[in-house]
Amino acid sequence: MKYYSSINIFQKGLLKTLLLSVCLLLISQPLAAQMRKNSVYQQYFDKYSVLAVEQMKRYHIPASITLAQGVFESGAGKSRLAVMGNNHFGIKCHGWTGRTLYFTDDAPNECFRAYPSVRDSYEDHSLFLVNGQRYRNLFSLRPTDYKGWARGLKKAGYATNPQYANKLIEIIELYDLHRYDSGKGFDKFIAQHGYQDSNDNYLYTIYSFNSNYYVRARYGDTFKTIAKHLGLSYRSLAKYNERDKHDILNEGEVVYLKKKRSKAPKEYKNKLHVVRAGESMYTIAQMYGIRLKYLYKMNRLSPEYQIKVGDSLRVR
């Protein structure tokens with residue numbers, strides 16, 4: 001009996017040691033390894049990645065850094081400062097002559113810049129860094145060196161949070177934001193001209209998804225009205241969306257600006273779309289940014305097939 005008791009005591013001690021080691025290992029791991037992707041963060045990146053790449057092209061600030069700062073400083077666009085003042089980067093007044101808002105941050109009742117649009121916030125963020133003497137050394141870094149930029153921003157005093165650089169790096173790596181730093185596949189013309197009309201009014205926000213760009217139709221929009229403001233061919237626009245060029249669009253409807261892909265993004269691999277009430281093969285194809293014929297082909301369905309609620313469809 002004593003022999004078996006000794007074994008049990010040894011096993012219990014070993015188990016405690018192993019559990020303690022696992023706990024210490026989890027604690028010591030980078031936060032990115034413990035984090036899970038946040039859908040609200042992903043929506044933010046889908047919405048503003050075009051703006052970030054545009055700023056990178058103009059001012060040589062890595063798009064990954066701009067996106068990580070924007071999502072972190074603004075709480076994915078949900079903070080009071082972002083909602084009330086379109087300020088996505090927490091930039092304080094410091095000689096600012098425009099509209100202002102007051103919030104408690106490092107000190108009570110601090111003055112923050114407020115902007116007419118989110119795009120203005122992105123532009124001012126770039127100018128803030130470009131014109132700031134303390135950030136000058138950052139522009140000598142390679143454009144893909146997001147870690148150097150993150151640490152340089154913290155060292156230069158952009159934020160007081162001691163973990164600021166680590167937070168930015170963790171966000172960039174978790175969401176693969178560094179893929180935007182190459183600028184590959186980026187439509188410079190659309191990003192620079194697609195936001196405004198001849199009166200400098202911002203009419204459409206351009207979103208990116210599945211190696212494509214899209215806008216959401218406004219009330220009364222047609223392919224012709226959208227194409228006119230974006231400087232595109234309305235016939236091509238209708239063709240990209242597999243529609244008749246004379247169609248009236250529903251408010252909020254997705255309109256792709258380039259030819260759609262043959263399958264959904266990689267994250268949908270081995271995932272099925274379950275058909276809900278009111279959906280059609282066309283609306284599902286638009287949802288995932290894929291051409292209708294490939295949706296039928298992937299699921300070995302004929303164009304005459306009528307989908308039913310509860311059907312499971314491959315999208316990649």
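Residues numbered from 1 in each chain as written. Predicted model: local features only at pLDDT ≥ 70, side-chain atom pairs only at ≥ 80, totals over all residues. Heavy atoms only, no water.

1. Overview of the pattern of salt bridges
Piece 1. For the structure shown, the criterion picks out 12 salt bridges.
Piece 2. Arg243 serves as the salt-bridge partner of Asp247, at 2.9 Å between the closest nitrogen and oxygen.
Piece 3. Its relative accessible area of 22% is what places Arg243 among the partly exposed residues.
Piece 4. For the salt bridge of Arg243 with Glu253, the shortest nitrogen-to-oxygen distance reads 2.4 Å. Here Arg243 is found in the loop between helix 11 (234-240) and strand 5 (254-256), whereas its partner Glu253 is found in the loop between helix 11 and strand 5, with 10 residues between them in sequence.
Piece 5. Sharing partners across several salt bridges, the network here consists of Glu54, Arg58, Arg119 and Glu123. (Salt bridge = Lys/Arg side-chain N within 4 Å of Asp/Glu carboxyl O. Buried < 20%, exposed > 50% of the residue type's maximum accessible area, 1.4 Å probe, protein only. Helix = DSSP H or I, 4+ residues; strand = E, 2+ residues; numbered from the N terminus.)

2. Side note on the nonpolar core
When a protein is soluble and globular, its nonpolar side chains tend to lie buried together.
Piece 1. In this structure, Phe45, Tyr122, Tyr158 and Leu177 are the most contacted members of the largest nonpolar core, which totals 42 residues.
Piece 2. Those elements giving two or more residues to this core turn out to be helix 3 (39-59), helix 4 (63-74), helix 6 (118-131), helix 7 (146-155) and helix 8 (164-174).
Piece 3. With 9 residues, helix 3 is the single largest residue contributor to this core.
Piece 4. Residues within four places of Leu177 in sequence aside, it is in contact with Phe45, Ser64, Leu67, Ala68, Ile171 and Ile172.
Piece 5. Judged by nonpolar contacts, the second largest core, of 16 residues, contains Val215, Phe223, Tyr234 and Leu257. (Core = buried A, V, L, I, M, F, W, Y, C linked by side-chain atoms within 4.5 Å. Contact = heavy atoms within 4.5 Å.)

3. Brief notes about helix 3
Piece 1. Taking 1.5 Å of rise per residue, the 21 residues of helix 3 would be expected to cover 30 Å, and the 29 Å separating its terminal C-alpha atoms lies within 8% of that figure.
Piece 2. Within helix 3, the axis deviates most sharply at Tyr48, by approximately 55°.
Piece 3. Residue His60 follows helix 3 closely and has a positive phi angle near 65°. (Expected span 1.5 Å × (residues − 1). Bend = angle between axes of the 7 residues up to and from the residue.)

4. Let's talk about the side chain of Gln55
Piece 1. By the secondary structure assignment, Gln55 is in helix 3.
Piece 2. Looking at Gln55, its side chain comes within polar contact range of the side chain of Glu123, at 3.2 Å.
Piece 3. In contact with Gln55, not counting residues within four places along its chain, are His60, Tyr122, Glu123 and Ser126. (Polar contact = N/O pair within 3.5 Å; in protein donor to acceptor, adjacent residues only side chain to side chain.)

5. Observations concerning the environment of Leu301
Piece 1. Tracing the chain through its elements places Leu301 in the loop between helix 13 (292-298) and strand 7 (312-314).
Piece 2. Not counting the four nearest positions on each side in its chain, Leu301 is found in contact with Met281, Tyr296 and Leu313.

6. With respect to the pairing of strand 1 (residues 100-103)
Piece 1. Burial of the side chains of strand 1 is restricted to one face: Leu101 and Phe103 are buried, whereas none of Thr100 and Tyr102 on the reverse face is.
Piece 2. Inspection of the sheet shows strand 1 paired to strand 2 (residues 110-113) by 4 bridges, in the antiparallel sense. In the sheet register, Thr100 faces strand 2, and the bridge partner there is Arg113.
Piece 3. Linking strand 1 to strand 2, which pair antiparallel, is a turn of 6 residues; within it Asn109 sits at a positive phi near 55°. (Pairing = 2+ DSSP bridges.)

7. Examining the pairing of strand 4 (residues 212-216)
Strand residues, when the strand is regular, have side chains that alternate between the two faces of the sheet.
Piece 1. Of all 5 residues in strand 4, 4 are buried; the element is thus mostly enclosed.
Piece 2. Between the end of strand 3 (residues 207-209) and the start of strand 4, which pair antiparallel, lie 2 residues, with Asn210 showing a positive phi angle near 50°.
Piece 3. Across 3 bridges, the pairing between strand 4 and strand 5 is antiparallel. What sits directly across from Val215, in strand 5, is Val255.

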